[in-house]
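Residues per chain are reported as follows:
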Amino acid sequence: DETLRKMLAEQGMTLDQYRSKMKEQILRAKLIDYKVKSKIIITKEDIESYYNDHHKEYSGTSKYHLRNIIMKTSDFSEGKQQVFERMETILLRLKQGEAFADLAMTYSESPIAENGGDIGLFKLDDLVNNIRDSVEKIKPGEFTEIIDTDLGYQIFYLEEIVTTEGVTLEKATPSIEEKLYKQELENKFKAWISDLKEEAHIQLIK
């Protein structure tokens, strides 16, 4: 008690004032429980509907492990044509069976060429349209045709597709229920405060 009294005194508060404040807080919490929280009901149907509406959030994701060979192009058409012809030669060598990583290390104009052109994992949505459309058509172990990109001409190789397992409705239920409860609590609390303001009689004294 002495320690508490000392701490309260430092804050300019007596023990009776502290008890009164705590009583108000408890009563306020009980009032909110009665007026707001007790009226919140999250059903199985609500949870299932949220799960279905946010399917992408809970479904498994696929990432594409890619390598690339890139040759930068200039704005001059003649120079660009020469670069394209060089890329055609590389594409032919790939079709003849030469290893993509070896050709990338030798010819790719990229800072990561020494790693065999390994650019890592990407979701399809991370790729620009023309690259995504080309990558989507190939299987692991295959490569694209020559693609004209903002960075230059590129050929992509699909090393593998890494797929992560999705979250079932059963496993997702606790987190969805908590999320829906918080949303509903906020909405009902705002509505309750709005009702109180409408019902309150406010008189301005000049």
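Q: Looking at this model, I keep getting lost on the packing of aromatic side chains. Mind explaining?
A: When we look at a pair of aromatic rings, we describe it by the centre distance and by the angle of the planes. All chains considered together, the criterion is met by three aromatic pairs. With 5.3 Å between their ring centres and 25 degrees between their planes, Tyr-51 and Tyr-58 make a pair best called stacked.

Q: What should I look at first to understand the pattern of salt bridges in this one?
A: Here the idea is simple: oppositely charged side chains can pair when their charged atoms come close. Applying the stated rule across the entire model yields six salt bridges. Taking the shortest distance from any N to any O, the salt bridge between Arg-86 and Glu-109 comes out at 3.8 Å. Of this pair, Arg-86 sits in helix H5 (residues 77–95) while Glu-109 is found in the loop between helix H6 (100–107) and strand E2 (118–122), placing the two residues 23 residues apart along the sequence. Relative accessible area serves as the criterion here: at 42%, Arg-86 is assigned to the partly exposed category.

Q: Could you clarify how one ought to interpret the pairing of strand E4 (residues 152–163) in this entry?
A: Along any regular strand the residues' side chains alternate between the sheet's two faces. Note: strand E1 (residues 62–71) against E4, 10 bridges, orientation antiparallel. Bridge pairing links Leu-66 to Leu-158 in E4. In this structure, strand E3 (residues 147–149) lies alongside E4, joined through three bridges in antiparallel fashion. When the bridges of E4 are listed, Ile-147 appears paired with Gln-154. The hairpin formed by E3 and E4 contains two residues between the paired strands.

Conventions and cut-offs
Residues numbered from 1 in each chain as written. Predicted model: local features only at pLDDT ≥ 70, side-chain atom pairs only at ≥ 80, totals over all residues. Heavy atoms only, no water. Phe/Tyr/Trp six-rings, centres within 6.5 Å; stacked < 30°, edge-to-face > 60°. Salt bridge = Lys/Arg side-chain N within 4 Å of Asp/Glu carboxyl O. Helix = DSSP H or I, 4+ residues; strand = E, 2+ residues; numbered from the N terminus. Buried < 20%, exposed > 50% of the residue type's maximum accessible area, 1.4 Å probe, protein only. Pairing = 2+ DSSP bridges.

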